[in-house]
Amino acid sequence: MFVHGRSCCDYGHSKIRNKGIANIFSQMGLVEAWGSGIKRILNAAEEYGLPKPRFQEFDNMFRVELFRNSFPMMKENRDIGEASEKHRRSIGEVSGIEKQIELNDTQQKIIKLLLEDNQLSAIKLADRIGIASRNIESNIKKLKELGILIRHGSPKNGYWEVTLTY
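Just so it is clear, the structure is predicted and the values come from calculations on it, not from any experiment.

### Considering the overall build of the protein chain
1) Next: For the protein chain, the count of helices and strands is seven helices and four strands.
2) Next: Helices (α) and strands (β) of the protein chain occur, in sequence order from the N terminus, as α-α-α-β-β-α-α-α-α-β-β.
3) Next: By the burial criterion, 24% of the 166 residues in the protein chain qualify as buried.
4) Next: Of the contacts formed within the protein chain by residues at least 6 apart in sequence, a portion of 41% connects residues at least 24 apart.
5) Next: Within the structure as shown, the protein chain displays about 12,200 Å² of accessible surface, and the carbon and sulfur contribution to it stands at 51%.

### Things to note about the side chain of Thr-106
1) Next: Within the secondary structure, Thr-106 is located in helix H5 (residues 105-116).
2) Next: Since its relative accessible area comes to 16%, Thr-106 is described here as buried.
3) Next: For Thr-106, the contacting residues outside a window of four places in its chain are Ile-129, Ile-131, Asn-135, Ile-136 and Asn-139.

### Some points on a nonpolar patch on the surface
1) Next: On the surface, a cluster of nonpolar side chains totalling about 500 Å² of accessible area is made up of Ile-21, Ile-24, Phe-25, Met-28 and Leu-30.
2) Next: Following the sequence through the fold, Ile-21 ends up in helix H2 (residues 19-27).
3) Next: You can call Ile-21 partly exposed: its relative accessible area is 44%.

### Re the pairing of strand S2 (residues 61-65)
1) Next: Summarising the sheet, strand S1 (residues 54-58) and S2 pair through five bridges and their orientation is antiparallel. Bridging across to S2, Gln-56 finds its partner in Arg-63.

### A look at the pattern of salt bridges
1) Next: All told, the structure shown has four salt bridges when counted by the stated rule.
2) Next: The residue Arg-54 makes a salt bridge to Glu-65 at a minimum N-O spacing of 3.6 Å. On the criterion of sequence distance, the pair formed by Arg-54 in strand S1 and Glu-65 in strand S2 is long-range, its members being eleven residues apart.
3) Next: Judged by its relative accessible area of 43%, Arg-54 falls in the partly exposed class.
4) Next: A salt bridge links Glu-137 to Arg-134; its shortest N-O distance comes to 3.3 Å. Here Glu-137 pairs with Arg-134, and both are found in helix H7 (residues 133-145), just three residues apart, close to one helical turn.
5) Next: According to the relative accessible area criterion, Arg-134 is exposed, its value standing at 65%.

### A few points about the environment of Ser-154
1) Next: Looking at the element boundaries, Ser-154 is found in the loop between strand S3 (149-152) and strand S4 (159-162).
2) Next: Within polar-contact distance, the side chain of Ser-154 engages the backbone nitrogen of Asn-157 at 2.9 Å.

### Observations concerning the pairing of S4
1) Next: Only one face of S4 is buried: it carries Trp-160 and Val-162, and the other face, with Tyr-159 and Glu-161, is open.
2) Next: Between S3 and S4, which follow one another and run antiparallel, lie six residues, and Gly-153 among them has a positive phi close to 85°.

### Here we look at the side chain of Asn-139
1) Next: Inspection of the secondary structure assignment puts Asn-139 in helix H7.
2) Next: Within polar-contact distance, the side chain of Asn-139 engages the side chain of Asn-135 at 2.6 Å.
3) Next: Each residue touching Asn-139, except ones within four places of it in the same chain, is listed here: Asn-104, Thr-106, Gln-107 and Ile-110.

### Section: the packing of H5 against H7
1) Next: Where H5 contacts H7, the axes come no closer than 10 Å and their chain directions differ by 80°. On the basis of the axis angle, H5 is roughly perpendicular to H7. Across the interface between the two elements, Thr-106, Gln-107, Ile-110 and Ile-111 of H5 pack against Asn-135, Ile-136, Asn-139, Ile-140, Lys-142 and Leu-143 of H7.

Cut-offs applied
- The residue count restarts for each chain, going from 1 along the sequence in the order it is written.
- Predicted model: local features are reported for residues with pLDDT of at least 70 only, side-chain atom pairs are reported and counted for 80 or more only, and whole-chain, interface and lining totals are derived from all residues.
- Water and hydrogen atoms were dropped before computing side-chain values, which therefore reflect all heavy atoms in the structure.
- Here a helix means four or more residues in a row that DSSP labels H or I, a strand means two or more in a row labelled E, and each is numbered from the N terminus.
- Three labels apply to residues, based on accessible area from a 1.4 Å probe with only protein chains included: buried if under 20% of the type maximum, exposed if over 50%, partly exposed otherwise in between.
- In this description, contact between two residues means that some pair of their heavy atoms is separated by no more than 4.5 Å.
- Surface accessibility in these figures is a Shrake-Rupley result with a 1.4 Å probe; residues are shielded only by whichever protein chains are displayed.
- Exposure above 30% relative accessible area and the lack of any salt bridge qualify a residue for a patch; like charges then connect within 9 Å, and the nonpolar side chains Val, Leu, Ile, Met, Phe, Trp and Tyr within 5 Å.
- Basic side-chain nitrogens of Lys or Arg form a salt bridge, by our definition, when they fall within 4 Å of a carboxyl oxygen of Asp or Glu.
- Paired strands, in this sense, are two strands between which DSSP finds at least two bridges.
- We call two N or O atoms a polar contact when they sit within 3.5 Å, provided that within protein one can donate a hydrogen and the other can accept it, with sequence-adjacent residues counted only if both atoms are side-chain atoms.
- An axis is simply a line fitted to the C-alpha atoms; with a helix, the fit covers only the stretch in contact. Between two such axes, the angle follows the N-to-C directions and lies from 0 to 180 degrees.
- An angle counts as roughly parallel when it lies under 35 degrees, as roughly antiparallel when it exceeds 145, as roughly perpendicular when it falls between 65 and 115, and as oblique in every other case.

Next comes the structure, spelled out in structure tokens:
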């Protein structure tokens, strides 16, 4: 709840919203301390040099907006923090050994265009790059296999997520 420009997060006040879930998490040993989550989120964002998360409380809901850096993942920055297994695969990391993913010119252009507009279709990408849409579809398939591109939603109303920038 926001009071005079400050939120409940600023006061360290903890309010359990779903006692059933809280009880289950506590019994599973997933709760370190009641009311410590927001402070840990803020500390983690600062530790990784990320923008400060935004907290909003309204009605019976609570929203946390987490932000990521928009700079490309350079080879020397890939070992920052603990990477999820999915991300480790997307950067070609196998058993702790990094390998360079070689993308062709078309794949690099696809990524660049999708970073600018993540709702572009294969036909629009083909038009902008100047090659056949079949070629685009083949390259998108490879980028998806590498874990670099993820499609969210339907072909008509969905969008692309680029997990790795080059």
